Amino acid sequence: MSASGTAPAKAQGLSRRSCLQALPFACSPLLLAGQAHAGAQIEEPLIDSVRTALSSAIANQAPPVPEFRDTESRLTYLRWLGAMSDRLKKKKPEWQIRKEFLQTVWYESKRAGLDTTLVLGLIQVESNFRKFAVSNVGARGYMQVMPFWTRVIGDGDPGKLFHMQTNLRFGCVILRHYLDRERGDLFLGLGRYNGSRGKSPYPDAVLGASKNWVFTG
């Protein structure tokens, strides 16, 4: 599937004043170094399109290759890749690993209709960009996906959540699912992702971290 689709910008509007006043990343108590901060995602029924999107990711091994409708779109992506690569260098010193990670974040966020800044902010809060992060409740990987999702979708092997594209696909599709459940309410959607629906610390932390990944080029 092409990753060149445009995210529905209006669909992610905030409905809580606290989201407009997101705390700076460095100040959030959720973001203590060396920890993974997953909450209690709730196992729930999924529509067929969500199940299909998650199931297909389990079989994918290579990083996805973004496709572009025109040269300008491709150049915009390359400028984004260069800017984000510079910012991520301390977390991922090896260029190839950094490139494949960002390429996959771009692809999966666009595929799910999400803003890449939001996804990168969530990853920063959830795992601090650690591929093998495990929380105290067992959530795994970059986007701290709970193991029960592999039982719902795949063969129940939680180890597959350490595979880069599988983890990012699951995280993005699940976040999109929660946003859709909350009718685009970012405050409630993020809270549902973290298992803290209606509480402000987690949405504030993600939105604060997202500011580190804004791209204006």
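Per chain, residues are indexed from 1 in the order of the written sequence. Reporting of local features is limited, given that this is a predicted model, to residues whose pLDDT is at least 70; pairs of side-chain atoms are given and counted only at 80 or more, and all residues count toward the totals for whole chains, interfaces and linings. Water and hydrogen atoms were dropped before computing side-chain values, which therefore reflect all heavy atoms in the structure.

Asks: Help me understand the pattern of salt bridges, please; the structure alone is not making it clear to me.
Replies: Note on pairing: side chains with opposite charge can pair once their charged atoms come close. Throughout this description, the term salt bridge denotes a Lys or Arg side-chain nitrogen within 4 Å of a carboxyl oxygen of Asp or Glu. Under the criterion given, the structure shown has six salt bridges. Here R79 makes a salt bridge to E72, at a shortest N to O gap of 3.0 Å. A salt bridge links R197 to E182; the shortest N-O distance between them is 2.6 Å. Of the two residues, R197 is situated in the loop between helix 8 (186-194) and helix 9 (201-210) and E182 in the loop between helix 7 (164-181) and helix 8; the sequence distance between them amounts to 15 residues. One network of salt bridges, in which partners are shared, links E182, R192 and R197. A run of DSSP states H or I qualifies as a helix once it reaches four residues; a run of E qualifies as a strand once it reaches two. Both are numbered from the N-terminal end.

Asks: Any chance you could explain the nonpolar core here in plain terms?
Replies: Nonpolar side chains in soluble globular proteins tend to end up buried together. To qualify as a nonpolar core, a set must consist of buried Ala, Val, Leu, Ile, Met, Phe, Trp, Tyr and Cys residues joined through side-chain atoms within 4.5 Å. Throughout this description, buried means an accessible area under 20% of the type-specific maximum (1.4 Å probe, protein chains only), exposed means over 50%, and partly exposed covers the range between. F101, L120, I123, M143, L190 and Y193 are the most contacted members of the largest nonpolar core, which has 44 residues in total. Counting residues per element, the ones that place at least two in this core are helix 3 (71-88), helix 4 (95-111), helix 5 (116-127), helix 6 (148-153), helix 7, helix 8 and helix 9. No other element matches helix 7, which puts eight residues into this core. Residue contacts are defined here by distance: any two heavy atoms, one from each residue, within 4.5 Å place the two residues in contact. Aside from chain neighbours lying at most four places away, what touches L120 is W80, M84, F101, L102, V105, F129 and W213.

Asks: Would you mind going over helix 8 with me for this structure?
Replies: Since one α-helical turn is 3.6 residues long, residues separated by three or four positions face the same way. Within helix 8, nine of the nine residues are buried, which leaves it mostly tucked inside the rest of the structure. Of all the residues in helix 8, the buried ones are L186, F187, L188, G189, L190, G191, R192, Y193 and N194. Polar contact is the term for a pair of N or O atoms within 3.5 Å; when the atoms are in protein, one must be able to donate a hydrogen and the other to accept it, and sequence-neighboring residues count only if both atoms are side-chain atoms. Between the side-chain oxygen of the N-cap and the backbone nitrogen of F187 there are 3.0 Å, and the N-cap of helix 8 in question is D185. Residue G195 follows helix 8 closely and has a positive phi angle near 75°.

Asks: Would you explain the packing of helix 5 against helix 9 in this entry?
Replies: For any two helices packed against each other, the geometry is given by the interaxial angle and the distance between the axes. Look at helix 5 against helix 9: their axes get within 7 Å of each other, and the N-to-C directions meet at 115°. Here helix 5 runs over helix 9; the crossing is right-handed. On the side of helix 5, the interface is formed by T117, L118, G121, L122, Q124, V125 and E126, while helix 9 contributes Y202, A205, V206, L207, A209 and S210. In this analysis an axis means a line fitted to C-alpha atoms, helices contributing only their contacting stretch, and an angle means the value between N-to-C directions, from 0 to 180 degrees. If you view the pair so one helix is near and one far, a crossing is left-handed when the near helix is turned anticlockwise from the far one by less than a right angle, and right-handed when it is turned clockwise.

Asks: Help me out: how do you make sense of unusual backbone geometry in this one?
Replies: Apart from glycine, the bulk of residues carry a negative phi angle, and the bulk of peptide bonds sit in the trans form. Even without a glycine there, the phi angle at Q144 is positive, about 50°. Within the fold, Q144 resides in the loop between helix 5 and helix 6. On the basis of relative accessible area, Q144 is assigned to the buried category, the value being 1%. Even without a glycine there, the phi angle at R183 is positive, about 55°. By the element assignment, R183 lies in the loop between helix 7 and helix 8. Classification of R183 as exposed rests on a relative accessible area of 82%.

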